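Single-letter residue listing:
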Amino acid sequence: MKQENSGNQPSIADRFGEEHIESLLRELEARTSGHLIEGRWRTGSAGSTLITEDPATGRAIAEFAAGNADDIDRAVTAAETALRSGGWPLLTASQRAALLFALADRIEREVDQWALIEALDAGHTLTSIAGGDLPLGLRALRDNAGWATKVNGATAMQSACQSGANYYLREPVGVVGLITPWNAPFLMTIQKLSAALAAGCTVVVKPSELAPLSALRIGEACRKVGFPPGVINIVTGDGIAGAALARHPAVNMVSFTGSVDTGRSIIAAAADSNLKRTVLELGGKSPVIVFDDADLPRAAAAIASEICFKSGQYCAAGSRLFVQKTVYSIFIDLLGAEMARVRVGAGYRQDVDMGAMICERQRARAAAIVAEAIEQGARASAGGTPMPGAGYFFPPTILEGVDPGARAWREEIFAPVIAVTAFEDGAAPNAVAALANDSAYGLSAKVWTRDLRRAMEMVACLQAGQVIVNGGGGEATLPFGGTKLSGYGRENGLEGVSAFTEIKAVRLGYPP
Ligand code: NAD
């Protein structure tokens, strides 16, 4: 699990001494962030605030405005004005792209600062942010900038004698609400924002109340880069602000990433208001299947690394592990050794592989689900109970013998906990896939085998928005999204940008 440092370059964690972290904390503590509305930072209409804390210590790090329906209304009005009569619709697609490329360049110049803010606010390791979320987010941003000039309508082929023309246009869907979670705040915000702007929409972003700092910083970077006022608005706050955005009648679409329950309430708000379009990226309980011919050491290292990435607070993490019977015990030993190597601590410190969970509520829920599984007969062969001391740390945990009806097997725990079972040696790929498909979720599925035919059969049979064979993580150029309770719609790539467009069909008749 140790992240190797190439050459003699100091690692990102080495570059941040105690002094640097303290000075950033003092800077954050010294101000209260407002909402970004019509290109200016404004205090919330009710004047109430919320606090975000460092999950590694529980220390409050910044105060920000608690938005309400009035703040959302002001932001939506600003976005509507920018969409209809501001400078935004006058820009060509290549000018919109140029602004997005400039935003990427600006973020890239200060990559260390962005990583530190995210590590403090969301609890993840500097190396995972600097090596994962940031490059992935920048790639999505630049890819989406590229799509701005390539998302087109089309003209149908016609016979030469037909009088007139039939074609269709793609137009921006309109004002879009972007509601994001806390587990990958930078990546989720930049991915949604860049796709919506590439399509010509204007946006109101509602970041998670548990980690809003990188979204606020994105807002400031957008201002500096020169986006016209009102194109990007940010209203901080909790579900009150989110719900107001979801039911606002002038919002044409909501792109949401978060929990299934909130996803359901967003669909209900859309139905009760203006039938706005919704794209929902929800939770997961992703299966990982290890066949006996797999590269077992490599598979064990990758599976341990993934379930510990963001302390297991990663929607696509493989959290139900199916291992072929003949290699089960050898594989569990390999996995246990990998989990034991994981160094847990504050994400912004040196020599740490896994940071804290986001808050006590999430950690207590994970601990309760694990304890319940153990009461029902499961065994924790690694970890199992919260770590003592300050901060919201939970150790890498392997659960064996989990009852298939237990919450630990069926529900998303969102913690570094993997539940393991064995499958029969003679089981055909479709039978193994059926075991994996026995879940309410369908976000991601992972397969480890050297047999190409078996791999292709598994790809065909697995019910998931994404199948990964023999390792690999997020890929900004591939559409990402789920099936079943994992939601619907896709982000990234042409599909991700097209989701923010509306089609207008035109029949143009020539006068006789
Ligand atoms: P959450 O649903 O509690 O909150 C997500 C966002 O919704 C926050 O900004 C929150 O303030 C807002 N919100 C809360 N109530 C609302 C309401 N009634 N109406 C509108 N907005 C409301 O989710 P979370 O705990 O922040 O995130 C964790 C969840 O996100 C996990 O289930 C995880 O799997 C999922 N997730 C999914 C993906 C994906 O791409 N599929 C990626 C990351 C996280």
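For clarity, every value in this text was computed on a predicted model and none was experimentally measured. (Residues numbered from 1 in each chain as written. Predicted model: local features only at pLDDT ≥ 70, side-chain atom pairs only at ≥ 80, totals over all residues. Heavy atoms only, no water.)

## Thoughts on the overall build of the protein
Move 1: Counting secondary structure elements, the protein contains 17 helices and 23 strands.
Move 2: Over its C-alpha trace the protein gives a radius of gyration of 24 Å, about what one expects of a compact globule, namely 24 Å for 512 residues.
Move 3: Overall, the protein is about 80 × 65 × 50 Å in size when its C-alpha atoms are taken along their principal axes.
Move 4: Expressed as a percentage of the 512 residues in the protein, the buried residues total 55%.
Move 5: In the protein, once contacts between residues fewer than 6 apart in sequence are set aside, the share between residues at least 24 apart is 76%.
Move 6: Carbon and sulfur atoms make up 53% of the accessible area of the protein, which amounts to about 20,700 Å² in all. (Helix = DSSP H or I, 4+ residues; strand = E, 2+ residues; numbered from the N terminus. Rg over C-alpha atoms; globule rule 2.2 N^0.38 Å. Buried < 20%, exposed > 50% of the residue type's maximum accessible area, 1.4 Å probe, protein only. Contact = heavy atoms within 4.5 Å. Areas by Shrake-Rupley, 256 points an atom, 1.4 Å probe, with all protein chains shown as cover.)

## Looking at the pattern of salt bridges
Move 1: Summed over all chains, the structure comprises 27 salt bridges.
Move 2: A salt bridge links Glu 220 to Arg 223; its shortest N-O distance comes to 2.9 Å. Taken together, the residues Glu 220 and Arg 223, both in helix α8 (residues 213–225) and 3 residues apart, mark about one turn of the helix.
Move 3: Here Glu 220 falls in the partly exposed class, since its relative accessible area comes to 22%.
Move 4: Residue classification places Arg 223 among the partly exposed residues on the basis of a relative accessible area of 36%.
Move 5: In this structure, Arg 407 and Glu 411 form a salt bridge, with 3.7 Å as the shortest nitrogen-oxygen distance.
Move 6: Overall, Glu 411 belongs to the partly exposed group, its relative accessible area being 29%.
Move 7: Through salt bridges with shared partners, a single network forms among Arg 365, Glu 372, Arg 407 and Glu 411. (Salt bridge = Lys/Arg side-chain N within 4 Å of Asp/Glu carboxyl O.)

## Description of the sheet that holds strand β20 (residues 466–469)
Move 1: Overall, mixed pairing links the 7 strands, which are arranged β15-β16-β17-β14-β13-β19-β20 in an open sheet. Of all strands in the sheet, those with a lone pairing partner are β15 (379–382) and β20, marking the two edges. Between one strand axis and the next, the sheet turns by 25° as a mean value, whatever way the strands run.
Move 2: Pairing of strand β13 (residues 286–290) with strand β14 (residues 318–324) involves 5 bridges; the strand directions are parallel. Paired with Pro 287 across the strands is Arg 320, a residue of β14.
Move 3: Helix α16 (residues 452–461) rests against β13, β14, β19 (444–448) and β20 of the sheet, and its axis sits at about 165° to β20. (Pairing = 2+ DSSP bridges. Axes fitted to C-alpha atoms, helices over the stretch in contact; angles between N-to-C directions.)

## Re the nonpolar core
Move 1: One finds Leu 103, Leu 193 and Phe 227 to be the most contacted residues of the largest nonpolar core, which totals 62 residues.
Move 2: For this core, the element with the highest residue contribution is helix α7 (residues 185–198), accounting for 7 residues.
Move 3: Two domains each provide a minimum of three residues to this core, namely domain 1 (17–282 + 488–504) and domain 2 (286–476).
Move 4: Excluding its chain neighbours within four sequence positions, the residues that come into contact with Leu 103 are Leu 141, Ile 190, Leu 193, Ala 221, Cys 222, Val 225 and Phe 227.
Move 5: Counting residues in hydrophobic clusters, the runner-up holds 31 residues, among them Leu 296, Ile 307, Phe 331 and Ala 382. (Core = buried A, V, L, I, M, F, W, Y, C linked by side-chain atoms within 4.5 Å. Domains from an automatic or database assignment.)

## Concerning the domain arrangement of the protein
Move 1: For the protein, the domain assignment lists domain 1 (17–282 + 488–504) and domain 2 (286–476).
Move 2: The C-alpha-based centres of domain 1 and domain 2 are spaced at 31 Å.
Move 3: Taken together, the contact between domain 1 and domain 2 spans 33 residues of the former and 29 residues of the latter.
Move 4: Contact between domain 1 and domain 2 buries roughly 2,400 Å² in total, counting both sides, with carbon and sulfur atoms accounting for 58%.
Move 5: It is Pro 55, Ala 56 and Trp 182 that lose the most area in domain 1 upon contact with domain 2, and together they represent 22% of the buried surface on that side.
Move 6: If you look at where domain 1 meets domain 2, you find 2 salt bridges. (Buried area = accessible area lost by both parts, 1.4 Å probe.)

## Section: the packing of aromatic side chains
Move 1: By the definition in use, this model includes 6 aromatic pairs.
Move 2: Relative to Phe 227, the ring of Trp 88 lies with its centre 6.0 Å away and its plane at 50°, an arrangement referred to as tilted. On the criterion of sequence distance, the pair formed by Trp 88 in the loop between α3 (69–84) and α4 (93–109) and Phe 227 in the loop between α8 and β10 (232–234) is long-range, its members being 139 residues apart.
Move 3: Overall, the relative accessible area of 8% leaves Phe 227 in the buried class.
Move 4: On the numbers, 5.5 Å between centres and 65° between planes, the contact of Trp 114 with Phe 186 is edge-to-face. (Phe/Tyr/Trp six-rings, centres within 6.5 Å; stacked < 30°, edge-to-face > 60°.)

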